[in-house]
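Each chain, letter by letter, is given below.
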Amino acid sequence: MASSKERFIGLEWLRFFLGLYIVIFHTLHNYPSIRSWSGYVTDLGFFSTSTFFILSGFLLAHVYLNDQHEMREPAKSFMTKRFANLYPIHIGSCLLAMAVSAGVGYLALTAQDAGTSLRFVLYDVNNDTGIVNPEALRHTMGDVELWFNVVLNVFMLHAWNPYYLTFNPPSWSISALFFFYLTFPFIAPRLMKVKRTRLAILVTNLVYLVPPLLVVAFTPYDMPETGILHRNPIIRLPEFIAGILLCAFYMQQKNAGSLLKARGKLMLTLYIVVCCLVATWLLEHGRAWYYLLHNGLLLTAEMALIYLCVHIPTPDSKRLTKFAGRLGGASLPMFALHVPLYVIFTRSEQILKGEPSLCADNLRLCLAAAGDSSIWLYPVYLLMTVVLCVLFQEQFVVRIRRWILGWMLPSAPARNKTHAERMADPREPR
């Protein structure tokens, strides 16, 4: 039963730092003064998303399967709860991003802002097209395209568009998660019964590497292959599968009394560090390495990080445990909200550094006097993002979730979630 499930405080912290790293990955490069070295910090941003997908598979398998590796509730109930957890985050963040995009285009603080609109997108490629001819990647959606992508977003299908990202680009990860959740009741019980988990993980990793190898061998790194590798849910499914298999491996090791000792933890830590250092070096040696590292070469390092964090003991302090839970619960909102929050923060900063007193009388003069954003205020943005995402999760997502469940599962008995169930849900507060 879920109430007897093991508690993983280390995974709470991991989820939080994965969310924080994706925020840094998408925003730190915007400061020209640090571009000479910021790439060394952000080049492996995709490591965070992949690890999150693996972690989702691990936690769902840990919580929603019983000791006989069967679903502890009907698939319909499971999917309704997953939908209720994801949809408020997606729709809330998407509406905010659309409003911010329209506002930025109207204010037009910079020439780049003036071209911003709900219709503007960038094609996904991994070659020199953007360097040789930047305009070739810029695209303005027509009416049919616009409404088609609105429909994709409404139904959380936007990750299936391989050509470009719309409205709130980072939210493709929510679309991919939704697909993973659809497969879980069918694949997880079977995967958890696998005895030779190491071999299964190896096979999963090799299968995951096939698409990038084909792209490297036969394509010019153009579209739609770049977008397919980046976010197509079927292509990314091996990460979720790897998380379920990792849970099976952990349970086998625990039952055999073979969990990591101090030496094993040290070796695993060194392995993760070496993998990240080598990956950062390889990214400087050809575009093909990006595809391979993004889709498979780092899978074992990402799994190792989760497995290492599983071994972190739960502290005696209930206050610290609750605090870690609240931060972990804000991880997916951080994935979804950080771009529009960054735009709001930096544009406000620019106006405040200019002549904000002019805004009441002459908005255009006020905007013309705007200053530049500064790296010194970047920590304030990070702190603001964390606080707002915690509040967004606890005050908005949870309330909408309860309303959806009350509507879609009216006969479900009301009860408080166990810690293990909350751990399986990256969006629930503790």
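Residues numbered from 1 in each chain as written. Predicted model: local features only at pLDDT ≥ 70, side-chain atom pairs only at ≥ 80, totals over all residues. Heavy atoms only, no water.

Draft legend 1. Spatial organisation of a nonpolar patch on the surface. On the surface, a nonpolar cluster with roughly 530 Å² of combined accessible area is contributed by Val151, Val154, Phe155, Leu157, Trp160 and Ile234. Mapping Val154 onto the fold places it in helix H7 (residues 143-154). (Patch = residues over 30% accessible without salt bridge, like charges linked within 9 Å, V, L, I, M, F, W, Y side chains within 5 Å. Areas by Shrake-Rupley, 256 points an atom, 1.4 Å probe, with all protein chains shown as cover. Salt bridge = Lys/Arg side-chain N within 4 Å of Asp/Glu carboxyl O. Helix = DSSP H or I, 4+ residues; strand = E, 2+ residues; numbered from the N terminus.)

Draft legend 2. Highlighting helix H9 (residues 197-218). The end-to-end C-alpha distance of H9 is 32 Å, a good match for the 32 Å that 22 residues give at a rise of 1.5 Å each. By the largest-angle criterion, Val210 marks the main kink of H9, which is about 30°, and a proline, Pro211, follows within four residues. All of the buried residues in H9 are Thr197, Ala200, Ile201, Thr204, Asn205, Tyr208, Leu209, Pro212 and Val215. Of the surrounding secondary structure, the elements contacted by the buried residues of H9 are helix H10 (225-231), helix H11 (233-255), helix H13 (288-297) and helix H14 (299-310). (Expected span 1.5 Å × (residues − 1). Bend = angle between axes of the 7 residues up to and from the residue. Buried < 20%, exposed > 50% of the residue type's maximum accessible area, 1.4 Å probe, protein only. Contact = heavy atoms within 4.5 Å.)

Draft legend 3. Quick look at the state of the cysteines. On inspection of all chains with the given rule, the structure shows one disulfide. Paired by a disulfide, Cys359 and Cys366 hold their sulfur atoms 1.8 Å apart. Classification of Cys359 as partly exposed rests on a relative accessible area of 28%. Between Cys94, a free cysteine, and Cys389, which holds the nearest cysteine sulfur, the sulfur-to-sulfur gap is 16 Å. Here Cys94 falls in the buried class, since its relative accessible area comes to 6%. Left without a disulfide partner, Cys275 is nearest to the cysteine sulfur of Cys276, which lies 6.9 Å away. (Disulfide = S-S within 2.5 Å.)

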